[in-house]
Amino acid sequence: MKKQLAALAVAAFAACSSFAATSGVVITEWMYQGAGSTDREFIEFTNLGPTAVDFSGWSYDDDSRSAGTFPLSAFGIVAPGESVIITEMNAAAFRDAWGLDASVKVWGPYTNNLGNGDEINLFDGAGGLVDRLTYGSDPRTRGVSGRATSADALGANDVSQWVFSSVGDIEGSWANSLGDIGSPGRTSFASPVPEPESYAMLLAGLGAVAGLVRRRRKTGLAATPAA
């Protein structure tokens, strides 16, 4: 029993640490210009948290940093692990070019387009800054999207931790019908979210561990169960 409880403590701690490290909505991909065209750019936002997010009142802007410039309310409820896309293209044309089905939320076109050396700003319904990515000419995402090299890069506003996408990379990037390369609508950083029953068991396990720690502190024993 003690070994099982200790194992549960480790598993619960690891799971909760993972949730804490992947909470909230972040920028997960962007391309400021299509191959040979200036009107095919897109930005992908992903909900990496364990709960759904209501995008009512949320908005995007470039380096002018003005909340409310391009509303994102049309995305509605964004589920855990879900990626949504804004684009300078017509949404239907974007879906067609990338072969995306109706389950992927795409919104556009927007007019405050990105340039070579610009900024992506995501604001919540209260106008608070949720995420920002400032970039220069490297990586110059012209016809090839930019992706984060690790989870640490997400939300860090450090473009040096971003690289070009490539066909068949860790994101499963592909070339669309227009010659652009990327993986809009999905990201390798989105982890499966526990089913309600599993999450309830996790919380119960955390409660059991916390109770054990309190009892051992009262009795002056070590908090960690012996093997």
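A quick note: this is a predicted structure, and the numbers were derived from the prediction, not measured. (Residues numbered from 1 in each chain as written. Predicted model: local features only at pLDDT ≥ 70, side-chain atom pairs only at ≥ 80, totals over all residues. Heavy atoms only, no water.)

### Let's talk about the overall build of the chain
Stage number 1. Secondary structure summary: the chain contains three helices and 14 strands in total.
Stage number 2. Within the chain, the proportion of its 227 residues that are buried is 42%.
Stage number 3. Long-range pairs, those at least 24 residues apart, make up 58% of the contacts in the chain between residues at least 6 apart in sequence. (Helix = DSSP H or I, 4+ residues; strand = E, 2+ residues; numbered from the N terminus. Buried < 20%, exposed > 50% of the residue type's maximum accessible area, 1.4 Å probe, protein only. Contact = heavy atoms within 4.5 Å.)

### Considering the pattern of salt bridges
Stage number 1. Counting across every chain of the model gives five salt bridges.
Stage number 2. Arg40 serves as the salt-bridge partner of Asp180, at 2.8 Å between the closest nitrogen and oxygen. Here Asp180 is found in the loop between strand E13 (174-175) and strand E14 (181-182), whereas its partner Arg40 is found in the loop between strand E1 (25-31) and strand E2 (42-47), with 140 residues between them in sequence. The same class applies to Asp180 as to Arg40, namely buried. (Salt bridge = Lys/Arg side-chain N within 4 Å of Asp/Glu carboxyl O.)

### Considering helix H2 (residues 91-98)
Count 3.6 residues to each turn of an α-helix, and residues three or four apart come out pointing the same way.
Stage number 1. Buried residues of H2: Ala91, Phe94, Ala97 and Trp98, and no others. Relative to the axis of H2, the buried residues are bounded by an arc of 125 degrees and lie together on one face. With respect to the buried face of H2, the exposed residues turned more than 90 degrees away are Ala92 and Asp96.
Stage number 2. Against E2, strand E7 (83-87), strand E8 (105-107), E13 and E14 lie the buried residues of H2.
Stage number 3. Two to three positions downstream of the cap, the backbone nitrogen of Ala92 sits 2.8 Å from a side-chain oxygen, assigning the N-cap of H2 to Asn90.
Stage number 4. Of the residues one or two after H2, Gly99 is the one with positive phi, at around 70 degrees. (Arc of directions from axis to C-beta. Polar contact = N/O pair within 3.5 Å; in protein donor to acceptor, adjacent residues only side chain to side chain.)

### Here we look at the environment of Asp39
Stage number 1. Considering the arrangement of structural elements, one finds Asp39 in the loop between E1 and E2.
Stage number 2. When the C-alpha positions of Asp39 and Leu114 are compared, they lie 9.8 Å apart, and in sequence the two are 75 residues distant.
Stage number 3. Ignoring sequence-local partners within four residues, the contact set of Asp39 consists of Glu88 and Met89.

### Considering the environment of Ala151
Stage number 1. Residue position: Ala151 is located in the loop between strand E11 (146-148) and strand E12 (162-164).
Stage number 2. Note on Ala151: relative accessible area 46%, which makes it partly exposed.
Stage number 3. Considering only alpha carbons, one finds Ala151 and Phe189, 38 residues apart in sequence, at a separation of 6.7 Å.

### Remarks on the sheet that holds E8
Strand-to-strand pairing in sheets goes through backbone hydrogen bonds, with the strands running parallel or antiparallel.
Stage number 1. Taken in spatial order, the six strands make up an open sheet running E8-E7-E2-E1-E11-E12, and their pairing is mixed. Across the chains shown, the open sheet's two edge strands, defined by having one partner strand only, are E8 and E12. The mean angle between the axes of side-by-side strands here comes to 30 degrees, regardless of whether they run parallel or antiparallel.
Stage number 2. H2 contacts E2, E7 and E8 of the sheet and is inclined by roughly 130 degrees relative to E8. (Pairing = 2+ DSSP bridges. Axes fitted to C-alpha atoms, helices over the stretch in contact; angles between N-to-C directions.)

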